[in-house]
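Here is what each chain is made of, one letter per residue.
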Amino acid sequence: MLLSPEEMPAMAPKNQPKSSLASRAWQMIRHNPGMIHSVLREEYRRRCGISLDRRYRPGLSGPPVSLSLNLTRRCNLKCRMCEQHRHQSRASKTLSWYDPARELPLAAWQDLLDQVAYFRPRLYLTGGEPLLYPRFPELIREAKKRKFLLHLQTNGTLLDRAADLLVAAEVEMVTVSLDGPEDIHDRVRGLKGAFRRSQEGIAALVAARGNRAAPLVLINCVISKANIPILEQMAPLALEMGADILQVQHTIFNSQDNVAHHNRWLSREFAQSHGLDLITPSIPPGEFYESEITRKDLPRLRAGLEEVRRRAQGRLRLQFLPNLPAALLESYYLDLNHPFPQVCQDFWKGCRVMPDGTVSPCLHLVAGNITERPFREIWNGSQMQRFRRLISRRLLPGCARCCSRSFT
C-alpha cells in the first residue's frame, strides 16, 4: 500500500518541508482524490473485509485491491536470490509465461484494464524487468487514462530512459532494487556496472520529478549474507540518492528438504483429487534460493538493522518486509519449521497475471487465463475458490518464507 489511512490526516503540508514524504503524498492526494478511495478500500479489506469473506463466504472474495502484472519474465540481470534465472532454460520448456513469444500484446492488457476499471485496483507492474516489455510506455498511458494507481518495480538499470514518462504520467510509486554500495550490489546482481546504471536511473527520475509530488521513490534492499556487513550504509545511501522510502526486505528462501516435502504434499495426485490446476512440480528443482545466513551472522544482522533504524530516524521513512521483531530473526533464518501463524490473506487481496495471461496466485497453481475468460470469472471461479479453501485450512510447506504470509 502506498500510504496508510492513519497517515493521511496528519499530512498538513504547512508543517512539512516541501521535499518531505508527507508533503509529496498530500500533493498526490489533492491532485487525485480517487487515491483516497483506493487506499481506504485496501485498508478496509485488510482490517475486516477479508475476515468477513473467509467466515461467511468460504472460497469467495470481494474484488481484489491490487493486481500484480508480470509484463515479462525477461531480465537483464541474474540476481543471486532470484528464482526465475537459476534454471531459466528448464523453466521455459514447462512454463508458458517464460516464453517471450507468448507475452501479451498491448490490446490484451488494455482489455484487462477495462474489465477491472470499475473497482480500480492498484496495479503493481513487475517482471522480470518490466521496462523490457516493448509496449511499456503505451501501457502506462492506457492505465493512467483509466485513473489507476501505479506502482512500478524495477532493477533501475533502464530507468533513465523511462524517467520522463513516469513523471509525466504521474505514476505514484517506483521501487528500485538496491543491495548496497557498488561492489556489493554488482556482485549480488550478477553484472558489473549494475549499480552505476541503477544510480543513474534514480538520479534521472529524481531530476525529472523536481518539486512535483510523484512518483515516490522507494529503494528496496534484500538482506543477504553479502550485504549484512554494510546494512548500516543503506539509509545514507538512500538519502544521497533522493529516495523517499527505504524498505529492508528479509530474504525469501527455502531448502532442498522443505521443497521436497512441499512437492510430495502438493503433488500431481493431490491436485487431481482436489480439482486443482497445478503445474508440477510446484517448486521445480533449483527454482528457489537457499539462504547462506548462519547463526554467526545473526548478531551482525541485528546490529545492522538497529543502525539502519537509527540513521533513518527523522530523515527517511523506513519499513521492513516482513516486519519482524529482533526476537524472531533466529527463527526466521534458521528454522523453516518454526510455527509462525498459519495465515495468508493474499488470495483475497489480489492476484498475479503472468506475461502470457495466466493467472497464477503462487506455487504454480493456475486459476485461468485472461485471454480465455473474463477476469471476474477467474477471480471467483472454481479454481480460486478451491485455492482459498485450501489455504484457509493451513499453509503449504512452500509458503515457509513467502513475504505475503503472516509472521507475527
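Up top you'll find the structure we're talking about.
A brief report on the enclosed structure follows. (Residues numbered from 1 in each chain as written. Predicted model: local features only at pLDDT ≥ 70, side-chain atom pairs only at ≥ 80, totals over all residues. Heavy atoms only, no water.)

1. Concerning the nonpolar core
If you look at the biggest cluster of nonpolar residues, it comprises 109 residues, and the most contacted ones within it are Phe-136 and Leu-166. Looking at this core, the element that brings in the most residues is helix H4 (residues 106-116), giving six residues. Leu-21, Leu-149, Ala-214 and Leu-216 belong to the second largest nonpolar core, which has 12 residues in total. (Core = buried A, V, L, I, M, F, W, Y, C linked by side-chain atoms within 4.5 Å. Buried < 20%, exposed > 50% of the residue type's maximum accessible area, 1.4 Å probe, protein only. Helix = DSSP H or I, 4+ residues; strand = E, 2+ residues; numbered from the N terminus.)

2. Overview of the pairing of strand S2 (residues 122-126)
Burial analysis of S2 places four of its five residues in the buried class, the great majority of the element. With three bridges joining them, S2 and strand S3 (residues 150-154) adopt parallel strand pairing. Pairing of Leu-125 across the sheet is with Leu-152, part of S3. This β-α-β element, S2 to helix H5 (residues 136-145) to S3, shows right-handed connectivity. (Pairing = 2+ DSSP bridges. Right-handed = clockwise from strand over helix to strand, strands pointing away.)

3. As for the side chain of Asn-369
Residue placement: Asn-369 occurs in strand S10 (residues 368-369). Taking the relative accessible area as the measure of exposure, Asn-369 reaches 9% and is therefore buried. A polar side-chain atom of Asn-369 sits 2.6 Å from a polar atom in the side chain of Thr-371. (Polar contact = N/O pair within 3.5 Å; in protein donor to acceptor, adjacent residues only side chain to side chain.)

4. Notes on the pattern of salt bridges
Per the stated rule, a full pass over the model turns up 21 salt bridges. The salt bridge involving Arg-74 is made with Glu-103; its shortest N-O contact spans 2.8 Å. Highlighted residues: Arg-74 in the loop between strand S1 (66-70) and helix H3 (88-94) and Glu-103 in the loop between H3 and H4, separated in sequence by 29 residues. The partner of Arg-135 in a salt bridge is Glu-138, and the shortest N-O contact between them spans 3.0 Å. (Salt bridge = Lys/Arg side-chain N within 4 Å of Asp/Glu carboxyl O.)

5. Brief notes about the packing of H4 against H5
Packed helices, taken two at a time, are described by the angle their axes make and the gap between the axes. Relative orientation of the contacting elements H4 and H5 amounts to 20°, with a least axis distance of 10 Å. Classified by the angle between their axes, H4 and H5 sit roughly parallel to one another. Relative to H5, H4 is oriented so that their crossing is right-handed. Contacts from Leu-106, Trp-109, Gln-110 and Leu-113 in H4 reach Glu-138, Leu-139, Glu-142 and Ala-143 in H5. Classifying every residue of the contact of H4 with H5 gives five nonpolar, one polar and two charged. (Axes fitted to C-alpha atoms, helices over the stretch in contact; angles between N-to-C directions. Parallel < 35°, antiparallel > 145°, perpendicular 65-115°, else oblique. Left-handed = near helix turned anticlockwise from the far one by under 90°. Contact = heavy atoms within 4.5 Å. Nonpolar A, V, L, I, M, F, W, Y, C, P; charged D, E, K, R; others polar.)

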